[in-house]
Structure formats: structure tokens, C-alpha cells
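Below, each chain spelled out in residue letters.
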Amino acid sequence: QLETLIPSALLENPMIGLEVAKRINTDYPEDRGKALAILDKLAAKCEPGSLAYFEVKELTAIVLSGKAIKNYLELGKALPVQVVQDLERAIALYTEAWNYYKINDLRETKWHVPANRGVARKVLSQFVEAKRDFIESIHVKPTPFAHISLVALLAENNKPTLEAIDEIKKSLQLTSEQQQK
């Protein structure tokens, strides 16, 4: 019972509200509606154009796409209209946040935004756009997550094997370098 644990005035603080919404999303996925309600209130309180405003948008996209992808995995390829709408909204929010991060030189710390947008696009069968997002994420910061996502996309779409093999090699090299650190 979130309401009894945390006074609503505290949730209006962007740092606290974002953290609570993150915890709900990761630890209590069945309560994602509460996380979205907190984020909606935060979005209304944040100054448009501020970093906090775009972080609220990004987390809203994460919650929406996480919920939609869970439904996708449970239901298979036939996506209900609400899931499609949630993913489309998430893609728009990721795009808005990413545009802000690029302008304000936050790309390296927010490399995951285009990768997450790519996952949402992949679920919607927007394969060309998903590939572009994964590649953009890799160019900003090469990570195993982005490479593996790209490989999975290529494999699912029967793309040339050499391209997929090249991405697997890059991913393994990155993983190996990270383990050595």
C-alpha cells in the first residue's frame, strides 16, 4: 500500500517520485498503473524542457513498453490495440527524451534510450527503424545489450548471416573487455 508508506507530497519531488516509480516498475510489475499515475503527476509538476521533465518522459516510456512487452510475450504475435497504443506512445516518449539528451550532450549516459526504443519498435514489427535504433545506440556506446538486440533482430528477419556473425563477434569482444575491467 504505497499511499500509506509514502505521503503524496513526497512523491511530487521529482527525485523521490522517479525512484518510487522505478521501484514499482521493477519490483511490483503488477502495479505499473501506480507507477504511471506517479509519473503523470510528476510530468505535470516538472518544468517543460528541464532534465527532470525528460527523465519523467523516459521512465514513462520504460514503464509503458515494459508492460506492453510483457503482454506481447504472454499473448504472442497478436497484439491487442492497447498494447500497440502503449508501444507507440513509448516510442514517441523515447524519441522526445532522446532528442533532448542529444542536444544537451547526455548521449553517453543515456545510450540505452535508442536501444529501448528499438526493442519497442521490434515488437511492433518496425524492423528497419529498430535496426537503426540499435545501430545508433551502438555508435553512442557499444554495449553487449545493443549488439545482442541487433543480432536477434537480424536473426529473426533472416538477414545475411555474415552481418549477424559480425555483430556477435563485437558483442563477445565487448563482454570480454567488460569482464576484464
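In the block above lies the structure referred to throughout.
Residues numbered from 1 in each chain as written. Predicted model: local features only at pLDDT ≥ 70, side-chain atom pairs only at ≥ 80, totals over all residues. Heavy atoms only, no water.

Visitor: Give a description of the overall build of the chain that names residues and reports values.
Guide: Of regular secondary structure, the chain possesses ten helices and zero strands. The linear arrangement of helices and strands in the chain, starting from the amino end, is α-α-α-α-α-α-α-α-α-α. Buried positions account for 39% of the 181 residues belonging to the chain. Partitioning the contacts of the chain with sequence separation of at least 6, the portion at a separation of at least 24 is 55%. Just so you have it, the chain exposes about 10300 Å², and 56% of that area is on carbon and sulfur atoms. (Helix = DSSP H or I, 4+ residues; strand = E, 2+ residues; numbered from the N terminus. Buried < 20%, exposed > 50% of the residue type's maximum accessible area, 1.4 Å probe, protein only. Contact = heavy atoms within 4.5 Å. Areas by Shrake-Rupley, 256 points an atom, 1.4 Å probe, with all protein chains shown as cover.)

Visitor: Talk me through the packing of helix 5 (residues 51-75) against helix 6 (residues 81-103); I want residue IDs and the actual numbers.
Guide: Two numbers describe how helix 5 lies on helix 6: the axes approach to 8 Å, and their chain directions differ by 150°. It follows that helix 5 is roughly antiparallel to helix 6 by the angle criterion. Two packed elements cross with a definite hand, and for helix 5 against helix 6 that hand is left-handed. Residues belonging to the contact of helix 5 with helix 6 are distributed by class as follows: 16 nonpolar, three polar and seven charged. (Axes fitted to C-alpha atoms, helices over the stretch in contact; angles between N-to-C directions. Parallel < 35°, antiparallel > 145°, perpendicular 65-115°, else oblique. Left-handed = near helix turned anticlockwise from the far one by under 90°. Nonpolar A, V, L, I, M, F, W, Y, C, P; charged D, E, K, R; others polar.)

Visitor: Just give me the short version of the pattern of salt bridges, but keep the residues and values in it.
Guide: Applying the stated criterion to the full structure yields nine salt bridges. For the salt bridge of Asp40 with Arg89, the shortest nitrogen-to-oxygen distance reads 3.9 Å. Here Asp40 is found in helix 4 (residues 32-45), whereas its partner Arg89 is found in helix 6, with 49 residues between them in sequence. With a relative accessible area of 44%, Asp40 lands in the partly exposed category. When salt bridges with common partners are traced through the structure, they connect Arg117, Arg121, Asp133 and Glu136 into a single cluster. (Salt bridge = Lys/Arg side-chain N within 4 Å of Asp/Glu carboxyl O.)

Visitor: Lay out the environment of Ile135 with the relevant residues and their values.
Guide: Position of Ile135 among the secondary structure elements: in helix 8 (residues 127-140). Taking the C-alpha atoms as reference points, Ile135 and His147, separated by twelve residues in sequence, lie 8.1 Å from one another.

Visitor: Could you give an account of the nonpolar core, naming the residues involved and the relevant values?
Guide: Residues Leu18, Leu39, Leu42, Val56, Leu59, Val63 and Tyr101 are the most contacted members of the largest nonpolar core, which totals 25 residues. Sorting the residues of this core by element identifies helix 3 (14-27), helix 4, helix 5 and helix 6 as the ones contributing at least two each. Dropping the residues within four chain positions of it, Leu18 is found in contact with Leu39, Leu42, Glu55, Val56 and Leu59. (Core = buried A, V, L, I, M, F, W, Y, C linked by side-chain atoms within 4.5 Å.)

Visitor: Outline the packing of aromatic side chains, supporting the account with residue identities and numerical values.
Guide: Under the criterion given, the structure shown has three aromatic pairs. Ring centres of Tyr100 and Tyr101 lie 6.0 Å apart, and the angle between their planes is 70°; this geometry places the pair in the edge-to-face category. According to the relative accessible area criterion, Tyr100 is buried, its value standing at 15%. In this structure Tyr101 comes out as buried when scored by relative accessible area, which is 0%. Among the aromatic residues, those joined into a cluster by ring pairs are Tyr53, Phe54, Tyr100 and Tyr101. (Phe/Tyr/Trp six-rings, centres within 6.5 Å; stacked < 30°, edge-to-face > 60°.)

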